[in-house]
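Next come the chains, spelled out residue by residue.
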Amino acid sequence: MKNAPDQPEITTTRAKAINYRIDSGSTPGAATEPFPHDSSRQTETPHPRRDSASSSTLPGRGDRWTRDMVTAIAAILTLGTLYVATDLLVPIAIASLAYLPLRPIEAKICRWGVPQAAASALLIIGLFSSLALIVALLYSPAQQWITSAPESLHTIRSKFQSVAEPLTAVDRAGTAVDDATVPLKNDQPRIEVAYQKPSIVDETVMINQTGQMLAFVAAIAVLTFFMLSTGDDLLNRTLGVLPNANTRGEVLNKIGDIQQSVGRYLAQITCINIGLGVAVTIVMWMVGMPTPVLWGVTAALFNFIPYVGPLAATSIVFLAAASSFDTMGRASLTAFAFWLTTAIEGQFVTPTVLGKTLKVGPVVVLIAVAFWGFLWGLSGVFLAVPLLIVQRKIFASFDATYAFAVVLGEDACEPGEDCNPIKEHKPIAEASPV
């Protein structure tokens, strides 16, 4: 009879303990104090904690994998778009890069009271008139060199014949054996073969290429004009979409940084290349090379392609000199004089002027030239370095891509940071701590 009243009390106490565990969220030890021998309760409590931990890690890994896949797909689609839409994107890229150094000049002209549209028109007319004048002066000698290219190659081959004479002895012996084994037949009809000398210049192709080139230049001129005359309005509309003033200020500062870096580079490299063209023209005139102005302009244009451009221009000058001079020694000296002039400029002038602007190693530059050349052809080769600077500035604007900006030449230490970057003269093994 005494046990009957105690049973509800125990049940009530156990219910209170369970409610205490659920409501208070206390530790399992505190919740199971009234029942120290209830092992089933103690073993059940850790399981939800392990399940919650695993459920928190698995979605994180899945989200990261999904994010990486989306990034890879976006990169592939971007590269495909750049490759397929070459005819559309190349004029836009050239006009955008031309806008960067021309915009400060336009601002100075507008300070004199000239309207913005008129200042833009003056810049476009002056720039493209200068280019048209240069092309008109160089068109005749360039066409003459291109037309006579097959004969020039034949002349160069004959000059190299003495060097290659031992290598062709076996071929001549084989030809003589074949002729000796052919039976003589006097009754065979005589066959006359007439051939026409090949020409690199096809009139039909030349006309089509000229029309395409004129349309290409006209598109660049129109795009550049409208960017200079109405580009600020487009920028203001784009900034107006941003949520707050701080974001607009940051974006405006980044755009100004890109404009300053790329504009400074293009202005400095253009002045350097003009000076190089004048120097090469004088050197070619002194060594007696025909049409020295043509080779000066060639040096100026090819110098926009770092490292690779001067070597390619030297090869062209060597071929032209070998077809113009009687001896290979004089042709070699002419090509050496051309290369020495470009090498002096590349070793002393460009590093002094562009040392703080470019800040890109030769490996990165060569990879960029190959990459943009593959995507956009010859235009991409000339645009590789300016686009590389734009990429570096864009990558430096975000924390997630700042490492890529450092690889492309950005400073590893931001202003105000205390870090010890590896010195250029010290190997990595010596600079790294033991």
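Figured I'd write up the structure that's included with this text. (Residues numbered from 1 in each chain as written. Predicted model: local features only at pLDDT ≥ 70, side-chain atom pairs only at ≥ 80, totals over all residues. Heavy atoms only, no water.)

## Re helix α13 (residues 308–324)
For the α-helix, the turn length of 3.6 residues means that residues three or four positions removed from each other point alike. Test applied: Helix and strand labels come from DSSP, where a helix needs a run of H or I of at least four residues and a strand needs a run of E of at least two; each type is numbered from the N terminus. What a helix is expected to span follows from its residue count: subtract one and scale by 1.5 Å. Categorising residues by exposure relies on relative accessible area from a 1.4 Å probe, with only protein chains included: less than 20% of the type maximum marks a residue as buried, more than 50% marks it as exposed, and the intermediate range marks it as partly exposed.
The end-to-end C-alpha separation of α13 is 25 Å, in line with the 24 Å expected for 17 residues at 1.5 Å each. The complete set of buried residues in α13 reads G309, P310, A313, T314, V317, A320, A321, A322 and S323.

## Some remarks on the nonpolar core
As a reminder, the rule being used: By nonpolar core is meant a set of buried Ala, Val, Leu, Ile, Met, Phe, Trp, Tyr and Cys residues that side-chain atoms within 4.5 Å join together. Whether two residues touch is decided by their heavy atoms; if any such pair falls within 4.5 Å, the residues are in contact.
Grouped together as the largest cluster of nonpolar side chains are 40 residues, with contacts concentrated most on L97, V262, Y265, L358, W372 and W376. Only α5 (86–110), α6 (116–147), α10 (203–241), α11 (245–286), α14 (328–358) and α15 (362–395) provide two or more residues apiece to this core. Leaving out residues up to four positions away in the same chain, W372 has contacts with L82, G377, G380, V381, A384, L387 and Q391. Counting residues in hydrophobic clusters, the runner-up holds 18 residues, among them W145, A320, A322 and F338.

## Here we look at the packing of helix α12 (residues 292–302) against α13
How we decide: Only the stretch in contact is used when fitting a helix axis, every axis being a line fitted to C-alpha atoms; angles between N-to-C directions are given from 0 to 180 degrees. Here the word oblique covers every angle except those under 35 degrees (roughly parallel), over 145 (roughly antiparallel) and from 65 to 115 (roughly perpendicular). The crossing is said to be left-handed when, going from far helix to near helix, the turn is anticlockwise and less than a right angle, and right-handed when the turn is clockwise. Basically, the charged four are Asp, Glu, Lys and Arg, the nonpolar ten are Ala, Val, Leu, Ile, Met, Phe, Trp, Tyr, Cys and Pro, and anything else, Gly included, counts as polar.
Look at α12 against α13: their axes get within 8 Å of each other, and the N-to-C directions meet at 155°. Viewed along their axes, α12 and α13 adopt a mutual orientation that is roughly antiparallel. Crossing hand, α12 versus α13: right-handed. Mapping the contact onto sequence places W295, T298 and F302 in α12 and G309, P310, A312, A313, I316, V317 and A320 in α13. Residues belonging to the contact of α12 with α13 are distributed by class as follows: eight nonpolar, two polar and no charged.

## Things to note about the side chain of E345
We count it as follows: Residues scored as charged are limited to Lys and Arg (positive) and Asp and Glu (negative), so that His and the chain ends carry no count. A pair is scored as a salt bridge if a Lys or Arg side-chain nitrogen falls within 4 Å of a carboxyl oxygen belonging to Asp or Glu. Definition of a polar contact: a pair of N or O atoms within 3.5 Å, with one able to donate and the other able to accept a hydrogen when the atoms are protein atoms, and with sequence-neighbouring residues admitted only if both atoms are side-chain atoms.
Of note, E345 is situated in helix α14. The buried charged residue E345 lacks any salt bridge partner; its closest oppositely charged side chain belongs to R264, at an N-O distance of 16 Å. A polar contact is formed between the side chain of E345 and the side chain of T350, at a distance of 2.2 Å. Apart from residues lying up to four places away in sequence, E345 is in contact with I272, L276, N303, T350 and P351.

## So, the packing of aromatic side chains
Put simply, the test is: Aromatic pairs are defined between Phe, Tyr and Trp rings, using the six-membered ring for Trp, whenever the two ring centres lie within 6.5 Å; interplanar angles under 30 degrees are classed as stacked, those over 60 as edge-to-face, and all others as tilted.
Scanning the model with the defined rule gives six aromatic pairs in all. Relative to F374, the ring of Y83 lies with its centre 5.8 Å away and its plane at 20°, an arrangement referred to as stacked. Taken as a pair, Y83 in helix α4 (residues 46–84) and F374 in helix α15 lie far apart in primary sequence, 291 residues in all. A relative accessible area of 46% means that Y83 is categorised as partly exposed.

Purely geometric numbers; function is a separate question.
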